[in-house]
2 protein chains.
Amino acid sequence: MTLEDAQQLDEADPLAFARERFQLPESLIYLDGNSLGALPAATQSRVDRLIAGEWRVDLISSWTKHDWIDAPLRIASKLAPIVGAKPNELAIADSTSVCLFKLLSAAVRARPGRRVILAQQGNFPTDTYVAQGLAEMLRLELRLVPADHIGNAIDEQTATVTLSHVDYRSGARADMRAVNDAARAAGALVVWDLSHSAGAIELRLDEAGCDLAVGCGYKYLNGGPGSPAFMFVAERLQDELRPPLQGWFGHSEPFAFEESYRPTSGISRFLTGTPSIIALAALEAGIDTFEGVAMADVEAKSRALLALFIEQVERRCGGEVSLFGPRDLEARGSHVCFAHPDGYAVIQALIARGVVGDFRAPDLMRFGFTPLYTRFEEACRAGDILADILANREWDQPRFRERKKVT
Amino acid sequence: MTLEDAQQLDEADPLAFARERFQLPESLIYLDGNSLGALPAATQSRVDRLIAGEWRVDLISSWTKHDWIDAPLRIASKLAPIVGAKPNELAIADSTSVCLFKLLSAAVRARPGRRVILAQQGNFPTDTYVAQGLAEMLRLELRLVPADHIGNAIDEQTATVTLSHVDYRSGARADMRAVNDAARAAGALVVWDLSHSAGAIELRLDEAGCDLAVGCGYKYLNGGPGSPAFMFVAERLQDELRPPLQGWFGHSEPFAFEESYRPTSGISRFLTGTPSIIALAALEAGIDTFEGVAMADVEAKSRALLALFIEQVERRCGGEVSLFGPRDLEARGSHVCFAHPDGYAVIQALIARGVVGDFRAPDLMRFGFTPLYTRFEEACRAGDILADILANREWDQPRFRERKKVT
């Protein structure tokens, strides 16, 4: 694969138009949209309009006049084609951690008598912390097993299963259908974390028989740093489940100011407090970058970008780095990790050269490919620069070895 | 009190300068800052800088480069003089409802064996819903008593007490010191809701012996619609308490990606998921409107505004409306309700005349006075316009009687 070959792929790319929907800094190869998505071109004006046009002018009346009150569901419904769900199965709220707590606790409550939360070993840490906190509070057992053993570990004691669809390090994609089927057969519910898949690959939550899911707004959905998260609750479960973390936005008549909680019907009962309307406006601009985009194209481009990058890295870096996670691209999400004993320093050297990936302990260099804006040419050049850095031991400098806090 | 008298009060107002810190629509008398604070003049440029200057340009590296990672505590520390706490006793996070859930559940867990959550009857509904949800989940008893009986109702079974400092309808201010003392004597913890007091009156949380508190960012703190909330945890309790709703932002080493949760020491352990950095930027601009402002001046002006408005309304509207809540202004927060059988329609007629208050069931017309931007002249004119509307039965029209959703 030469740079010219890659440029030809860009020219033939059916998603090339989408890059214009983002404001990417010149001269940066940004391969970290899996950690923080790039800024959509429309975000700033959308947020400005909200602040200067709505909040400033119409103040409190904006809740009805500009329909702020329905924003969490209205914006969520735009996710329906992105994740393969019905528009009324989605809500935007809180953070991913808080959403996970809400859905896990609702699921556990719906299976009284079952004492086990089954979760993926090595899942993104906050997911595990949330499950640990809930299990401790309710004196349940949290059982951690490797992702590929989850299906077999589900039994009659299992109240709820939680795992990531795409692993934040290995990039491995779990078999959604198989886990859902195993859980259903045993009478357990599954809460998926879609943080590393929503917006990056094709999802068909309903078709795969999903019960519940949460996902991140600030990765492939481009909602901005710390964007609110989203929840998916299958229509068939909405009126059966009820999160113990309940608040007025989930009440049947929030503005009747009743003393007793009466959950509304449908997805709204999973809302809790007043959502940040400013953060929602930014997230809406992020989700709108998918307008008119076919998720099959997104997944195909993701796979082609990964194929190119992996081939380039393995060919040019030889045995210095090793692919982590599945080689089969169909069994992957849209990021890839290569292990290197000095991975941390190598990533810093790459950043100094304008290639932004990130590091995940203990030794993983992680590169994310965002089909809406990553170019084949960039994937190709990133591989070349990595090869250069390794060949010249450019990373072997104190300024690159010194550890800083990273996200 | 004539309009000229009111204008003289404005001229002598030591807080008059603060009005310039807001962008208030011309020709509107906005008496609903207790529901949604007005737009600070600095918000838009602050948010723009965050979006176009930080997120766009520095992307993921902004977490360290622009210190996003410390934003929740850095911004919270600016609340210290506003609420009378130490800078390290405050954190910004989530929504008020979620923060309340976290502190209540942490408090209950710290008092094992005690089975009662004691809460204020008629508290702002979401507070009650949160307590109900928690009590139900943990099979505790939620005991609701009128706010002024809370102190006497605390006993050896009480794990936690929760109430609003200033009641969202009556405006009645609870005796913080007395409730805290009664709780401490019985070994219970108290979680205050400061939504209707923070930024409106003088608070001395530490001096009053407070344990825990939550508060709203979008009322008198001007953080924008649905702004993140804040938590207060007394330093002496920080390492003893631990919310079951735990996530990576509360971990001792969030970026070490450890499998087990190890809460950090101090206030950070009350953080959960990734916060919205855009929403935080807006909240910071809101909190910054208090720069150089003495809270004693804020409280004095609040009281003077209330005195003027109540006098004006009672003198001009005669027996048509009745004051709801305490007459003693020292026993009040910064808003006042008047009851009128057609209060809903009257409020709509007022809004049509450019005076924005809000309605609270069953019959309360509520008016909030924000010392940083409300003028005495406005309080006076609002009273006059209300009197006009009542005298002419201007409210008695179908367009004012028709109920819409309100917040």
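Residues numbered from 1 in each chain as written. Chains lettered and ligands numbered in written order. Predicted model: local features only at pLDDT ≥ 70, side-chain atom pairs only at ≥ 80, totals over all residues. Heavy atoms only, no water.

**With respect to the sheet that holds strand 3 (residues 116–120) of chain B**
Strands in a sheet are paired, the pairing made by backbone hydrogen bonds, and the direction either parallel or antiparallel. Residues and elements named next belong to chain B. Our working definition: In this description, strands pair whenever DSSP reports at least two bridges between them. Secondary structure counts use DSSP, requiring at least four H or I residues in a row for a helix and at least two E residues in a row for a strand, with both numbered from the N terminus. Think of each axis as a best-fit line through the C-alpha atoms, taken over the contacting stretch in the case of a helix, with angles from 0 to 180 degrees between the N-to-C directions.
With mixed pairing, 7 strands are arranged side by side in an open sheet as 2-8-7-6-5-3-4. At either margin of the open sheet sits one strand with a lone partner, and together these are strand 2 (90–93) and strand 4 (141–145). In this sheet, adjacent strand axes meet at a mean angle of 20° when their direction is disregarded. Bridge analysis of strand 7 (residues 212–215) against strand 8 (residues 229–233) gives 4 bridges, and the strand direction is antiparallel. Paired with V214 across the strands is M231, a residue of strand 8.

**As for the relation of the copies chain A and chain B**
Threshold: When the copies are superposed, the least-squares fit takes in the C-alpha atoms of residues with a pLDDT of at least 70 in both. It only takes one pair of heavy atoms within 4.5 Å for two residues to be counted as in contact.
After a rotation of 180° and a shift along the axis of 0.0 Å, chain A superposes on chain B with an RMSD of 0.0 Å. Overall, the copies show the geometry of a two-fold rotation axis. Closest to the rotation axis within chain A is the C-alpha of A279 of chain A, separated from it by 2.9 Å. Take the interface residues of chain A: 100% of them recur as interface residues in chain B, which is what a same-surface contact looks like.

**Topic: the interface of chain A and chain B**
The condition that has to hold: Buried area counts how much accessible surface, traced with a 1.4 Å probe, disappears from two parts once they are put together, with both parts' losses summed. We count a salt bridge whenever a side-chain nitrogen from Lys or Arg sits within 4 Å of a carboxyl oxygen from Asp or Glu.
With 83 residues of chain A at the interface, the matching set in chain B holds 83 residues. Across the interface of chain A and chain B, roughly 7,200 Å² is buried in total on both sides, 68% from carbon and sulfur atoms. Our enumeration of links across chain A and chain B arrives at 4 salt bridges. Salt-bridge contacts for E136 of chain A lead to R109 of chain B; the nearest nitrogen and oxygen are separated by 3.5 Å. Among the elements of the structure, helix 2 (43–58), helix 3 (62–65), helix 6 (96–109), helix 7 (125–138) and helix 11 (277–288) of chain A are those that each provide at least two residues to the side of chain A that touches chain B. Broken down by element, the residue count for the side of chain A that touches chain B peaks at 11 residues, all from helix 7 of chain A.

**Concerning the nonpolar core**
For clarity, the threshold we go by: To form a nonpolar core, buried Ala, Val, Leu, Ile, Met, Phe, Trp, Tyr and Cys residues must be joined to one another through side-chain atoms within 4.5 Å. Burial classes follow relative accessibility: with a 1.4 Å probe on protein chains only, a residue under 20% of its type's maximum area counts as buried, one over 50% as exposed, and anything between as partly exposed.
Ranked by size, the top nonpolar core spans 220 residues in total, and within it W192 of chain A together with W192 of chain B carry the most contacts. For W192 of chain A, the residues in contact, after removing those within four places along its chain, are L163, S164, H165, A174, D175, M176, V179, N180, C210, L212, A213 and V214 of chain A.

**Digging into the UniProt feature "binding site: pyridoxal 5'-phosphate" (unreviewed entry) in chain A**
Residue and element names in this part refer to chain A. This is how the line gets drawn: UniProt positions are given in the numbering used here, feature names are shortened, and annotations may be inferred rather than shown by experiment.
Within this numbering scheme, the UniProt entry marks T96, S97, F124, P125, T126, D127, D193, H196, Y218, W248 and T274 as carrying the feature "binding site: pyridoxal 5'-phosphate" (unreviewed entry). For this annotated set, covering 179 residues, the C-alpha atoms extend up to 30.5 Å from each other, a dispersed arrangement in space. Mapped onto the elements, H196 comes out in the loop between strand 6 (189–193) and strand 7 (212–215). On the accessibility criterion, H196 (5% relative accessible area) is buried. Setting aside residues up to four positions removed in sequence, H196 forms contacts with N34, V166, Y168, K219, Y220, H335 and R366. The class of W248 is buried, set by a relative accessible area of 7%.

**Regarding the sheet that holds strand 5 (residues 158–164) of chain A**
Residues and elements named next belong to chain A. Spatial strand order, 2-8-7-6-5-3-4: 7 strands in an open sheet with mixed pairing. At either end of the open sheet lies a strand with only one pairing partner, and these are strand 2 (90–93) and strand 4 (141–145). Averaged over all neighbouring strand pairs, the angle between strand axes comes to 20°, with direction disregarded. Bridge analysis of strand 3 (residues 116–120) against strand 4 gives 5 bridges, and the strand direction is parallel. In the strand pairing of strand 4, V116 is matched with E141. Sitting on the sheet, helix 6 touches strand 2, strand 3, strand 5, strand 6, strand 7 and strand 8 (229–233), and the angle it makes with strand 7 is about 170°.

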